[in-house]
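So the chains spell out like this:
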Amino acid sequence: MVYDVIIIGGGSAGLMAAVAASASGGRVLLLDKGDKLGRKLGISGGGRCNVTNNKEMDELVKHIPGNGRFLYSALTSFGNKDIIAFFESMGIKLKEEDNGRMFPVTDKAKTVVDALVNQVVKQGVDIRAHAPVDEVLYKDGAVAGVRLRSGERITGAAVIVASGGKSVPHTGSTGDGYAWAEKAGHTITELFPTEVPITSNEPFIVSKELQGVSLRDVSLSVWNPKGKRIIEHRGDMIFTHFGVSGPIALRCSQFVVKALKQFQVGNIILTIDLMPDKSVDEVYAETLKLAETDSKKAVKNVLHGYLPDKMIPLLLARSGLPETLTYDHIPKQQWMELAKTAKSFPLRAYGTRSIEEAFVTGGGVHLKEVDPRTMESKLMNGLYFCGEVLDIHGYTGGYNITAAFSTGYAAGSSAAAQAQYK
Ligand SMILES: Cc1cc2nc3c(=O)[nH]c(=O)nc-3n(C[C@H](O)[C@H](O)[C@H](O)COP(=O)(O)OP(=O)(O)OC[C@H]3O[C@@H](n4cnc5c(N)ncnc54)[C@H](O)[C@@H]3O)c2cc1C
C-alpha cells in the first residue's frame, strides 16, 4: 500500500495531524513505537489534561515564550476556540479553570485521548502501534517513505514527523525526530529543559529545612549577574529537597538555563517577594505594629501568620535578629533588613533538573526552515514537522498541547492536500 500521508508519532500533534489528514479521505498511516497512542497526553495536566487555554490569541502567543509568534498562522487556522469546538463536537465537554486553563469535565486525560483515537479510527486511519521508525527515506529532494526498525519499508507521498521532544522518555519521546530532520539538511537548535524544577545548593536547601513549604501568590524573579531582572512571575511555588518547583519556578526555569549559559557563570540569583502587593515600608510598618501589639512576645512568634512560618527563623537570621527578641529591643535598622529580605529573599540557582525530567523540551527543528502556514520543510519536499520536535515551547497552562494540536492540524491538512496533487 502506498500512503498519501505517513505520520510518525501518535502524541498530541500526531493524533491531530491524523484527524486533519484523513478528513478529506486520503490514505493515512499513523505509526507509534509504543504500545498505545497519546501516552504523554494521558499523563498531562496531572492526569486531567489541560487540553488548551481560553485566552485571546495575543495572550496565547505571549505564554509561548519559545517562538510563539511562529504560531500566528497555524493558530488562525486552528486555534484554541477550534480545539474546544472540536472536542465538543465529539461530545467531550470542557470546563474553564483559573487563568483560562481548559480541562475535560470528567477531569480525566483519558477522555481526551480516547476521543482523539476514536476519531482517528472513525476516519479510517491505519494505526500501527509497536512500530518504531528508524529512518525517514528521502529521494531526489523529496520524501519517499519510512523504514521501520523491523526493516520494513513503507512508501508515502508525505511524511509528518510528530515524534515529540526528549522529555519524559518513558512516554516514547526520546528525540528520534531530530536525526531525521538533520538528514534532510535541517538545523536543530540547542535542546534544553524547560518547565523544569530549579536546583540550588543554598544551605537551607541542602539541610532540607524548607522542603515541602509551599508559597502562595508570591513573586519569583531571575536576575542576571549584572543585577538586572530578566523575568518575574507571580503565583505559587514550593521548596523541594533539591531546590524549588511549582508553577512559577517552572516558568522561570528556562531563564535560569539561558542565563547560566549566556553569562558563563556557576549560579544565577533568584529572589522571592513574599509580599508582592506591599512595599518594603509597608512590610516594615506592619510587622513592627504586630510586634508592638504583642510587645512581650518573641518576634519569632509575633510574625506567625504574617510570614510563612518555616521561613521566619531564616528571615530573622539573615537580618541579624535573634528569634527571642521582643518589641522593646528591636533595632530599627535590622528590622528594615527583615522587611527587605521578606520582599527579596535570595536563592542561588545552579541549574535545573534534567531534560528528561522536564515537562517540555526547548529547542528543536529550526523554524526558519519550516513554512509557518503548512509546517512543511523548506528543504525537503513532502516532509512536515509538528509539535514539540519543533523549536517551540510554552509555559504550562495548556499552551504546549495547543501548539501541538495547532501545528498538527496545519501539517495534517497541508500534507493531505499536497499528496492529492501528486
Ligand atoms: C507530565 C507532563 C504533563 C504535561 N501537561 C501538560 C498540560 O497539561 N498542558 C499542556 O499544554 N502541555 C502539557 N505538557 C506538555 C505536552 O504534553 C507536550 O508538549 C505535547 O504533548 C507534545 O506533543 P507531541 O505530539 O509533539 O509529542 P508527544 O506527545 O511526546 O508524542 C510523540 C510521540 O511520538 C512517538 N515516537 C517517538 N519516536 C518514535 C519513533 N522512532 N517511531 C514511532 N513513534 C515514535 C512517541 O511514542 C510518542 O507517542 C505536559 C508534559 C508532561 C511531560
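A few points on the structure. (Residues numbered from 1 in each chain as written. Predicted model: local features only at pLDDT ≥ 70, side-chain atom pairs only at ≥ 80, totals over all residues. Heavy atoms only, no water.)

1. Brief notes about the pattern of salt bridges
Then step 1. Counted according to the given criterion, the structure contains 29 salt bridges.
Then step 2. Here Asp 114 makes a salt bridge to Lys 110, at a shortest N to O gap of 2.7 Å. A residue pair is termed a helical-turn pair when its members lie 3 or 4 positions apart in one helix, as Asp 114 and Lys 110 do in helix 6 (residues 109-122) at four residues.
Then step 3. Ionic pairing is found between Glu 152 and Arg 128, a salt bridge with its closest N-O pair at 2.7 Å. (Salt bridge = Lys/Arg side-chain N within 4 Å of Asp/Glu carboxyl O. Helix = DSSP H or I, 4+ residues; strand = E, 2+ residues; numbered from the N terminus.)

2. Focus on the nonpolar core
Then step 1. Grouped together as the largest cluster of nonpolar side chains are 132 residues, with contacts concentrated most on Phe 87, Leu 116, Phe 239 and Leu 274.
Then step 2. In terms of residue count, helix 14 (residues 399-420) provides more of this core than any other element does, nine residues in total.
Then step 3. Residues in contact with Leu 116, not counting those within four places in the same chain, are Leu 15, Met 16, Val 19, Leu 41, Phe 86, Phe 87 and Phe 405. (Core = buried A, V, L, I, M, F, W, Y, C linked by side-chain atoms within 4.5 Å. Buried < 20%, exposed > 50% of the residue type's maximum accessible area, 1.4 Å probe, protein only. Contact = heavy atoms within 4.5 Å.)

3. Here we look at the layout of surface pockets
Then step 1. Of the voids in this model, the second largest pocket is the one considered here, and its volume is about 170 Å³.
Then step 2. As for the second largest pocket, its lining consists of Thr 189, Glu 190, Leu 191, Phe 192, Val 257, Lys 258, Lys 261, Gly 363, Asp 391 and His 393.
Then step 3. At three residues, helix 9 (residues 247-263) tops the list of elements feeding residues into the lining of the second largest pocket.
Then step 4. For the lining of the second largest pocket, the class distribution of residues is three nonpolar, three polar and four charged. (1 Å grid on protein atoms, 1.4 Å probe; cavity = no way out; pocket = protein on both sides within 12 Å on 5 of 7 lines; lining within 4 Å. Points joined across faces, edges and corners; volume = space filled by probe spheres on them. Nonpolar A, V, L, I, M, F, W, Y, C, P; charged D, E, K, R; others polar.)

4. Considerations on the sheet that holds strand 5 (residues 101-104)
Then step 1. If you trace the three strands from one edge of the open sheet to the other, you get 3-5-4, paired in antiparallel fashion. Across the chains shown, the open sheet's two edge strands, defined by having one partner strand only, are strand 3 (52-53) and strand 4 (94-96).
Then step 2. As paired strands, strand 4 and strand 5 are joined by three bridges and run antiparallel to one another. For Glu 96, the partnering residue across the bridge sits in strand 5 and is Met 102. (Pairing = 2+ DSSP bridges.)

5. A word on the site of the ligand
Then step 1. Taken together, the neighbourhood of the ligand is formed by 35 residues, with Ser 12, Asp 32, Asp 176, Glu 388 and Ile 401 sitting nearest.
Then step 2. Residue Ser 12 places a side-chain N or O atom 2.8 Å away from an oxygen atom belonging to the ligand.
Then step 3. Here the ligand loses 96% of its free accessible area of 1000 Å² to cover by the protein chains.
Then step 4. Contributions of two or more residues to the shell around the ligand are made by helix 1 (12-22), helix 2 (39-43) and helix 14.
Then step 5. It is helix 14 that provides the largest number of residues to the shell around the ligand, a total of four residues. (Near = heavy atom within 4 Å. Polar contact = N/O pair within 3.5 Å; in protein donor to acceptor, adjacent residues only side chain to side chain. Areas by Shrake-Rupley, 256 points an atom, 1.4 Å probe, with all protein chains shown as cover.)

6. Here we look at the environment of Pro 65
Then step 1. Inspection of the secondary structure assignment puts Pro 65 in the loop between helix 3 (57-62) and helix 4 (72-77).
Then step 2. A residue is classified by how much of its surface remains accessible, and Pro 65, at 31% relative accessible area, is partly exposed.
Then step 3. Counting along the chain gives 327 residues from Pro 65 to Ile 392, while the straight-line C-alpha distance between them is 8.1 Å.

7. Here we look at the packing of aromatic side chains
Then step 1. Applying the stated criterion to the full structure yields six aromatic pairs.
Then step 2. Pairing Phe 78 with Phe 86 gives two aromatic rings, centres 6.5 Å apart and planes at 75 degrees, and the pair type is edge-to-face. Like Phe 78, the residue Phe 86 is buried in the burial classification.
Then step 3. On the basis of an interplanar angle of 75 degrees and a centroid distance of 5.1 Å, the ring pair of Phe 86 and Phe 87 is categorised as edge-to-face. Each member of the pair Phe 86 and Phe 87 is classed as buried.
Then step 4. Ring-pair connections join several aromatic residues into one group, and the members of that group are Phe 78, Phe 86, Phe 87, Phe 405 and Tyr 409.
Then step 5. Sitting over the ring of Phe 255, Lys 258 keeps its end group 5.7 Å from the ring centre.
Then step 6. For the cation-ring pair, Arg 353 lies above Phe 242, with the distance from its terminal atom to the ring centre recorded as 4.0 Å. (Phe/Tyr/Trp six-rings, centres within 6.5 Å; stacked < 30°, edge-to-face > 60°. Lys NZ or Arg CZ within 6 Å of the ring centre and 35° of its normal.)

Keep in mind that these numbers describe shape and distance, not what the molecule does.
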